[in-house]
Structure formats: structure tokens, C-alpha cells
Amino acid sequence: MDDAVLSRRSLIVTGAVGLAVPAVGAAVALTGSAARAGATRRVTIYAEALPGGLFGYGLEPGKATVPGPILEMYEGDTLEITLVNTTNQRLSIHPHGVDYSTESDGSPFNDSFNDPGETRTYVWRSREMFAAAGRRFMPGSAGYWHYHDHAMGTDHGTGGVAKGLYGALIVRRRGDILPDKQFTVVFHDMSINNRTAPNTPMFEANLGQRVEWLAIGHGNLFHTFHLHAHRWVDNRTGMLESISDPSPTIDNKDLNPGSSFGFQVLAGEGVGPGAWMYHCHVQNHSDGGMAGIFLVRNADGSMPPGAEDAIHRFQGHMHTTSTGDDHGGHGA
Amino acid sequence: MDDAVLSRRSLIVTGAVGLAVPAVGAAVALTGSAARAGATRRVTIYAEALPGGLFGYGLEPGKATVPGPILEMYEGDTLEITLVNTTNQRLSIHPHGVDYSTESDGSPFNDSFNDPGETRTYVWRSREMFAAAGRRFMPGSAGYWHYHDHAMGTDHGTGGVAKGLYGALIVRRRGDILPDKQFTVVFHDMSINNRTAPNTPMFEANLGQRVEWLAIGHGNLFHTFHLHAHRWVDNRTGMLESISDPSPTIDNKDLNPGSSFGFQVLAGEGVGPGAWMYHCHVQNHSDGGMAGIFLVRNADGSMPPGAEDAIHRFQGHMHTTSTGDDHGGHGA
Amino acid sequence: MDDAVLSRRSLIVTGAVGLAVPAVGAAVALTGSAARAGATRRVTIYAEALPGGLFGYGLEPGKATVPGPILEMYEGDTLEITLVNTTNQRLSIHPHGVDYSTESDGSPFNDSFNDPGETRTYVWRSREMFAAAGRRFMPGSAGYWHYHDHAMGTDHGTGGVAKGLYGALIVRRRGDILPDKQFTVVFHDMSINNRTAPNTPMFEANLGQRVEWLAIGHGNLFHTFHLHAHRWVDNRTGMLESISDPSPTIDNKDLNPGSSFGFQVLAGEGVGPGAWMYHCHVQNHSDGGMAGIFLVRNADGSMPPGAEDAIHRFQGHMHTTSTGDDHGGHGA
Ligand SMILES: [Cu+2]
Ligand SMILES: [Cu+2]
Ligand SMILES: [Cu+2]
């Protein structure tokens, strides 16, 4: 994977060292004040070839990114996606978690894909929980989901997924807490968002900001997502839903192909600002480049002490084997 | 794995293209109206050699299948299994989730197995939760479990598991909702139920039927189970146990060796009838044949539009690499 | 991995065939009667080279073990660790789950490690849950966590983890039930606690004792932890937190690098005393030596019938391929 050939355009949106990460406003948000149950939103998505053999989804022509834009809706809403295939490959868009008929399955199996140059509409619906029996309910659509190609290369979209055709999809329940910032992290074979250290995204927030992490797994390998100095609850929202919520609190979670999860943390809360690592905890994956930086700035946006040194170390010295001799001492 | 040599007998029970899947009545059900707490059921299981080098468990002589029959009980019930080993291999039956003494462990380690030709009884007990301290309880036996050989080939039953000696075991809690249909899906190395596409089981239900999926992992590889257009809650039952159940809703779950889970969906609910895929989401596993069809028929049992085409595509065209050129256009 | 070279000292603490496992009192316990919210405990930990190329953490000079000592605290407590590096390698101690500033991160990335021969203090803080919005809470620190090196060999501590620099960390919530005994089980590449069968630890308890299992994953491979004849709830404590706790009950769980979980069982409860196996359920891992014995003695501490035979079988006959012919019959 040659990250150097990624266009600057995509860097701006996916986040890179020294650049701001996308604000919530960059996503297709059905969660604003205008949203209400049953709203239908129409959006055009452009599937495009990118430099370096990558492909991406974007909300405007020429703006495709890896990963694609964050798509959001509330339970009950419908998303009508007009997918414009500007490439010379067959491809599609297949969502997890929401409702769709076979026509919107996104699989060649159901004859649901875009031929090269073709435009096609996919409809994703969502819903609230509904009674089953006793106190039980069949689940609604709320969740931290994702979408991806299901047609390029093989009938399972292996080629499209490998080249970057993936993104996050959030279905919120009424009353869910909205974040200040959002980061999409895709663990995909030996890469993060099809990039390897030190070119992995650096995500930035100010101390105390509510940051939503969207973690997605793809490809052929197994992974575990670990975030330093922060933790979350292993349930639907990542927070304890009540004082008696039995869910475990974790800071390391399996992130395997086709799975996704999300959670919110308060940046640096209880630990202070600084440069914190996120990485795959499989040792030869983190050593091989599946690591990145979560930069928690001071509350006023200024750089905390030591953070620039840490970033410099990450860019210059990391991910090579070292011994005690390699490091000429350290300290105050 | 040559699926062509599987006997027609086993196809009937395990489900195959164009054949009905087993009804609930085909399982050893302790959950009927006659069942009550503390009931003891005696059942004879026959371990038999099958064509193609496979082995299976069955409830009658000559009726062994891969996977074996679904065994069910309510918390508090006991299952006494007389295992008849009709093969020339040592083997056993080892359950997950229930109570057994060392004599019923099913492991050579505890001298608990059947020599070739030997008959031996294994006793599995179950129980309800009981108070620990405070509001807490030690768990009862309720769960979506499984059973498998623990003695053929190696002391861990690696040979027997590899050849098909596995099946689902359900322990229900009083008040659990019973399904209309049940499907057992074993992800085992690069196979589903020791079969690969397009010979993987096609599971069938009518629109709106309550379908229970029993997912089991075996072998040496990691997998993720994904079902198109349906989802479930990642808890004990697969449904929200109350309006405040904090569990996440998912449609893709790790299914690794020795693990199992189950859930119920309403077939096609909110998405309509059609041919839906279930598959391992590890890309080279799905491409390699770990995919199958969940055929949701119309409510009256008739075929929905497009389903036969999809099945034909699956049988003829799937699981080969394709490019945009391979597919000569499509659409209405 | 040559387990024979492990020093006897370390065997005493980590548990081995025929030796008692560590009592709770052997751990750094902040959970005694003297503990209260906000307590600060200072402890010195010695990182030492061990025979066979291993490294360990210990609470006294010359007492390092693999895994290291169990560290415990209540939510709200602080642990100040003075890490003495007696080795000629750079190394550190990095915790999961608790709060620490960048100075205590334990990563070379944050210039937080011990050079060879250096002594350095790391501060780990913990806290209780605090209100988010609505009924929700941001999580406290309670959990079954772990700690490990993050600096030896690579910037991710791959060398230190591979050589044994890991251990369990428990943060308890007020009111949590305390166990009678504790066992740390680290699934690490093809080993358990850097040992393979038949030299894996034999954990012992008397019938009915409350045993706490601390399971940790490390290295490059995926694993599933299975315990025979016992089960637990897949939530924070391993027990049902109320009669309506929706969490599933399991006896097999993914245990992948960087992850950890814990649970309590009543030894032999409902199944009787005996020699029970715990093992990785990945077949070629268990066959390759990732298996051990949980010896449940009679309530008075005497050996139950058959247990010595089982242990003998494990030590002499296990983990070689066998056929029906290899075993000259058995039975009463
Ligand atoms: Cu990884
Ligand atoms: Cu798979
Ligand atoms: Cu393993």
C-alpha cells in the first residue's frame, strides 16, 4: 500500500498529520433539528477512482475519500442513495444494519449493482424496536453500522473493499447523545483506512470534547482495536445506560471483517491532553504499521507539552525494531 | 471437501437447494407441552460413518447427518444420551453449557469416550440461576450451546470435529419464545456444515415465520457470520429483553472455534421476501465458498420474483473472480 | 519455549503441577478492609531476567514470575508503581483500563519507559462512573484488566510481551464479591503463560470454592478460551447482575491480543470434583499444547477418584495423535 500517492483531497477529509479531521457537519446528517421520525433524505454518492489504485465514495464529484463519508439517520428515517459509478469497474453500495429490498442489496447475487458508468438508486430504511412477546422487543435499526462495495472484483466485493470502498453508517435512537467530533477507523488487512504508519490518520480533539469513534473491520485478517488512556462500555452506545447496566468496560475489542462498533469518549478526560496512541494490539500488526495518533490538544486548542516530540518520534522513529542501545537515554 | 458424496439422507435433514429444511419436530425437543422442570429424557444417538469420509450423529440407525440433530431442553431438565459408536474409530460426545460429571466429560483425559463399536451413556444436566450475593445470581444453563466429538484423532477430537461430528444444543429458560423453524450453521475451517458453495445449505422460510439461527464455530480458522437484511441483539436471546436492554444490535458476529450463539428473526420482516445471502465476512472465506442462501418465500410459500434467478446465479456464476467485462449489463 | 528452565521460584507463584496456586494474599490487594475510596498505594515492581530467556515482573527482588503478580484496586484508588529495571533491556509497564498521564503511558512514543538499569515511577488512577446525560453514565474503571511491557524489542513492547512481561490488573467496584482463589491465564501465541502442555499450570481449588479466572490474550494469534464443566455470564462480573440481566451465559470466549476478561465460578458446583480441562478451542492450538488442568479437589482437600489417573494421562499420553488402536479399551 503506497500511501504517498493518496491525493491531498482525500487527506483533507480522512484526517492526516497536521490537518483538521472532518467536523460532524461533513457527514450526511439526518440528526439535525429538522430531522423527525419517518424523514426521507435523498443523497447522491459518487464512486470514483483515486490515485494509487484506490477507489472511494464521495458526496460531490471529485471529492471521494477513503473511508467514505459518515452517513447518519435516526430510527424511522429512510435514506435514498443515488450511486453514480464514475469508474470502469462494476461496483455497488451494501449497508449493514438497515432494511433494504433485494433490489437494494448491492450484491451481484441479486442483480443489484452498478455497471461501469451506471447510475443506480439504493433505498435504505430504518425503524424502531417493536414488541415481540412478554417484555421483549424485536430490535430497531439503531447501531454503529457501515457500508461497503459488494460487487467489484468478486461477487462479495473483495476488490472494492480492498481498494477503499467502505464507510461508516450510524442509525441513532431518539435521545442519543450527539458528539462534537467523529473519527472513522477501518482496520483492513495490515492497514488503517488503507494507510500504514506513519501515514495513518492523526485524529485531533480539544480536551473535554465528546469524540465518537467509528470502528470497522474489513479484509482477511483478524484485529483488536486498542485506544490508550480512554475506555468505553461494550454495549450499544459505549456508555453505561443506567447505574445497573451489566456491560463490561473495555479498551481493546475484536475488530474483524464485516464487524463494526462505536463509542464516545471525552477527549483526555481524567488523563490530560497529549498524544495518545490507537493501534491494533496484534503485535506484528502494530509493529507493521497499524498504529496512529489521537492528539488531544489543550482546551483552547494549543499544543500540550511533549505532544510535538511524540509526533516527531512517531513519524521518524517508530515501527522499526529497536534495542536498549538504540535509544540514548531519556528523561527530564 | 467433496460434497457430492454426501448421502441424500443427510441432505434431507441438513437442508439443501430445493429441499425443505428440518422442522422443529425433527429435533429432540424437551420443550413441548409435556416438559416440566426436572424432566429426564433418554435418547439414543448413533455415531456413524458417512460417504466421503464424513462422520455424523443421528437419532436413528442410518440417519446420521452433518451437523447432527438439534438437541433441546429446558433449564432443570436432564438428558441421558446413549451413544452407540457404529464406527471403527474411538469417539465421544462432549457438550458445552450443561452440567456433567467427569464420567460424561467425553474426553480421553477423563477416560470418557466410546471405543470402536462401544455403547456408552452420557448424562447432561441443566439448572436455573441461583442467588450469589446482593442482586446477583450465578448463571443457569440457558443458552445456545453445542456438542461435538472430543476423542477421534486427537485427545481434543480434532479428527471427529473435522469430519462432521458436531451439532446444536439449546437450553431454554421458561418463557422463552419458541421458533417456527431452526437452522444450524457450523463455520468450520473453509466450510459451512462441511460443505462449500454452491453446495452449502439453502435454508427456507415463509415471509414472517420466526426463524431461529444456531451458529457454531469449529476448526482452526477465525470467521465472522453475516446475514443479509436481518439483524439481532447481541445478548442471550437475540431480542431486546426490555425497552432498556443496553445490548447492541448486530448483523455480523465473530464465530470462532468452540463458540456458539443463536437468535431469532422474522423472515423477510421489513425487507420483503427474496433470496438473501448468509456468509462468512472474511473476504477470502466468502470468495472461497463460505456463503449460502436464506430463501424467504412469500407468505403462502410461493417463490418471490427474482429468487429463482438469484439461486441460479449462485449455483452457476458465483465464487469465481469477475470483472466489469464478465457481466454483460443488467437491469430492467 | 523450554519450560524446564523456568526457575522454581516462579513456579511457586504462577502455579504448576502439584504446587498450590497463589492465594489472594499474594496479590497487591487494595481490596482489604483497610481500603477506602481514594486510597493511594505505593508498590515497587522489579522487572528481571529469568532463565530460558524469559523476563518477569515481581513484587520483591528475585521473585519475578510469568505472569507477573495480580494487581488490584477499588474504583477511586491510585497505584503508584516504582518499576526497577534490573535488566539490560529497555522496558516499561503499560496498564489497560486505568487513568494515566502521558508520563505514565509506558510507551517510547511518549518517552515513557525505563532504560536498562533505570528506576521510574508510573501512576495509575481509577475512578467511579459519572453522569453523562439522561440515565447514562460515562464508565468508571472497574474491570478485569491487565498490564504489560510496551518498550522492549519494538515500540509496542513485542519483545517484552513475548518473553513474559505481562500480568493481571483488577479494578473492583464497591460491593463486588471477592473470590477465594485467583488464576491468571495468558493465551500468548501457542502457549499458556509461556508454557505448553503438559507443563502448563495446573490450577487447584476445593469443591465449592469461589474461583476467579483472569484471562488475558497476547501475541500474534487468535484464541478461544474454554473451560470444561463450568460457565459464566459474558458481562462485567461473570454473574447475572439481576434476574433480568440480558447477557448470554458462555463457556468459550475469544481471547485475542490485548483483550482480557474475568469471571468467578464455584469450583465443581453441580458437576462434582475431578480433573477438568481448560484449553484453547482452536483445534491445532489445543493439540499443540494450549491445554491445562483445573483440579477440583474434594471439599476437604483430598483427591477425588480418577483425578490422579487423569493427571497421569495428561502428563504422559496427551497431545499426540491417537487412533482407536492406540487405546487398548477402557471402562469400569
Ligand atoms: Cu491487526
Ligand atoms: Cu470465515
Ligand atoms: Cu489458541
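A quick note: this is a predicted structure, and the numbers were derived from the prediction, not measured.

(A) View of the relation of the copies chain A and chain C. You can overlay chain A on chain C at an RMSD of 0.0 Å; the transform is a turn of 120° with a shift of 0.0 Å along its axis. The two molecules are tied by a three-fold rotation axis, judged by turn and shift. Taken together, the interface assignments show that only 11% of the residues at the interface of chain A recur at the interface of chain C, consistent with different surfaces on the two copies.

(B) A look at the interface of chain B and chain A. Across the boundary between the two partners, chain B contributes 64 residues, which contact 60 residues of chain A. Each partner contributes to the roughly 4,900 Å² buried at the junction of chain B and chain A, and carbon and sulfur atoms together form 52% of this total. One can count four salt bridges joining chain B with chain A. Linking arginine 127 of chain A and glutamate 269 of chain B is a salt bridge whose minimum nitrogen-to-oxygen distance equals 2.1 Å. Between the two partners, chain B and chain A, sit 34 residue pairs in polar contact (both at pLDDT 80 or more).

(C) Main features of the relation of the copies chain B and chain A. Take chain B, turn it by 120°, move it 0.0 Å along the axis, and it overlays chain A with an RMSD of 0.0 Å. Little of the interface of chain B is mirrored in chain A, where only 11% of its interface residues are also at the interface.

(D) Representation of the interface of chain A and chain C within the structure. Contact with chain A, which involves 64 residues of that partner, is made by 60 residues of chain C. Carbon and sulfur atoms make up 52% of the area that chain A and chain C hide from each other, which totals about 5,000 Å². Connecting chain A to chain C are four salt bridges. Applying the counting rule to chain A against chain C returns 33 residue pairs in polar contact (both at pLDDT 80 or more).

(E) Seen up close, the coordination of the copper ion (ligand 3). Residue and element names in this part refer to chain C. For the copper ion (ligand 3), every protein donor is listed as His223 (ND1), Cys280 (SG) and His285 (ND1), and the spread of their distances is 2.0 to 2.1 Å. Mapped onto the sequence, the donors of the copper ion (ligand 3) take the spacing H-x56-C-x4-H. With histidine 223 in the loop between β14 (210-218) and β15 (224-227) and histidine 285 in helix α3 (residues 283-287), this residue pair connects regions lying 62 residues apart in the sequence. As far as burial versus exposure is concerned, histidine 223 and histidine 285 are alike and both buried.

(F) Representation of the pairing of strand β11 (residues 181-188) of chain B within the structure. Residues and elements named next belong to chain B. Extensive coverage of β11 is indicated by the burial of eight of its eight residues. Going residue by residue along β11, you find Lys181, Phe183, Val185 and Phe187 tucked away on one face and Gln182, Thr184, Val186 and His188 tucked away on the opposite face as well. Relative to strand β12 (residues 191-192), β11 is paired through two bridges, and the arrangement is antiparallel. By the bridge assignment for β12, phenylalanine 187 is matched with isoleucine 192. Linking β11 back to β12 in an antiparallel pair, the connection comprises two residues, with aspartate 189 at a positive phi of about 50°.

(G) A look at the coordination of the copper ion (ligand 1). Around the copper ion (ligand 1), the protein supplies His223 of chain A (ND1), Cys280 of chain A (SG) and His285 of chain A (ND1) as donor atoms, at distances of 2.0 Å. Along the chain, the residues donating to the copper ion (ligand 1) fall in the pattern H-x56-C-x4-H.

(H) A look at the sheet that holds strand β5 (residues 94-95) of chain C. Reading across the sheet, the four strands line up as β3-β10-β9-β5 (chain C) and stay open at both edges, with mixed pairing between neighbours. Each edge of the open sheet is held by one strand with a lone partner, namely β3 (71-74) and β5 of chain C.

(I) Representation of the pairing of strand β3 (residues 71-74) of chain B within the structure. Residues and elements named next belong to chain B. Of the two faces of β3, the one holding Leu71 and Met73 and the one holding Glu72 and Tyr74 are both buried throughout. Both β3 and strand β10 (residues 166-172) contribute to a ladder of four bridges, which runs parallel. Looking at β10, one finds that leucine 71 is bridged to leucine 169.

(J) Helix α4 (residues 307-316) of chain C, seen in detail. Residue and element names in this part refer to chain C. All buried positions along α4 are accounted for by Ala307, Ala310, Ile311, Arg313 and Phe314. Burial along α4 is one-sided: seen end-on, the buried residues are contained in an arc of 160°. Those residues of α4 that are exposed and angled more than 90 degrees off the buried face are Glu308, His312 and Gly316. On its buried face, α4 sits against β13 (202-206), β20 (274-280) and β21 (291-297).

(K) Region of interest: the pattern of salt bridges. According to the stated counting rule, one finds 39 salt bridges over all chains in the structure shown. Measuring nitrogen to oxygen at the nearest pair gives 2.9 Å for the salt bridge that ties aspartate 176 of chain B to arginine 236 of chain B. Of this pair, aspartate 176 of chain B sits in the loop between β10 and β11 while arginine 236 of chain B sits in the loop between β16 (232-233) and β17 (249-250); the two residues are 60 residues apart in sequence, bridging distant segments of the chain. Per residue, the accessibility class of aspartate 176 of chain B equals that of arginine 236 of chain B, and both read buried. Through salt bridges with shared partners, one network takes in Asp99 and Arg127 of chain A together with Arg231 and Glu269 of chain B.

(L) Representation of the UniProt feature "domain: Plastocyanin-like" (unreviewed entry) in chain A in the model. The sites that carry the UniProt feature "domain: Plastocyanin-like" (unreviewed entry) are, in the present numbering, residues 65-174 and 189-299 of chain A. Between the end C-alpha atoms of residues 65-174 of chain A there is a gap of 29 Å, over a span that is 5% helix and 35% strand.

(M) Molecular detail of the side chain of glutamate 48 of chain B. Residue and element names in this part refer to chain B. By secondary structure assignment, the location of glutamate 48 is in strand β1 (residues 40-49). Within the structure, glutamate 48 has its side chain in polar contact with the backbone nitrogen of glycine 62 (distance 2.6 Å). Once residues lying within four places of it in the same chain are set aside, the contact partners of glutamate 48 are Leu54, Phe55, Gly56, Glu60, Pro61, Gly62, Lys63, Ala64, Thr86 and Thr87.

(N) Fine view of the environment of tyrosine 166 of chain C. Residue and element names in this part refer to chain C. Here tyrosine 166 is to be found in strand β10 (residues 166-172). Since its relative accessible area comes to 0%, tyrosine 166 is described here as buried. In sequence terms tyrosine 166 and glycine 217 are 51 residues apart; their C-alpha atoms lie 9.9 Å from each other. Setting aside residues up to four positions removed in sequence, tyrosine 166 forms contacts with Tyr57, Val66, Pro67, Gly68, Tyr147, His148, Val161, Val186, Asn193, Asn194 and His218. In terms of polar contacts, tyrosine 166 uses its side chain to reach the side chain of asparagine 194, at 2.7 Å.

Calculation rules
Residues numbered from 1 in each chain as written. Chains lettered and ligands numbered in written order. Predicted model: local features only at pLDDT ≥ 70, side-chain atom pairs only at ≥ 80, totals over all residues. Heavy atoms only, no water. Least-squares fit on C-alpha atoms with pLDDT ≥ 70 in both. Contact = heavy atoms within 4.5 Å. Buried area = accessible area lost by both parts, 1.4 Å probe. Salt bridge = Lys/Arg side-chain N within 4 Å of Asp/Glu carboxyl O. Polar contact = N/O pair within 3.5 Å; in protein donor to acceptor, adjacent residues only side chain to side chain. Donors = N, O, S within 2.8 Å, 3.2 Å for Na, K, Ca; no water. Helix = DSSP H or I, 4+ residues; strand = E, 2+ residues; numbered from the N terminus. Buried < 20%, exposed > 50% of the residue type's maximum accessible area, 1.4 Å probe, protein only. Pairing = 2+ DSSP bridges. Arc of directions from axis to C-beta. UniProt positions renumbered as here; feature names shortened; annotations may be inferred.

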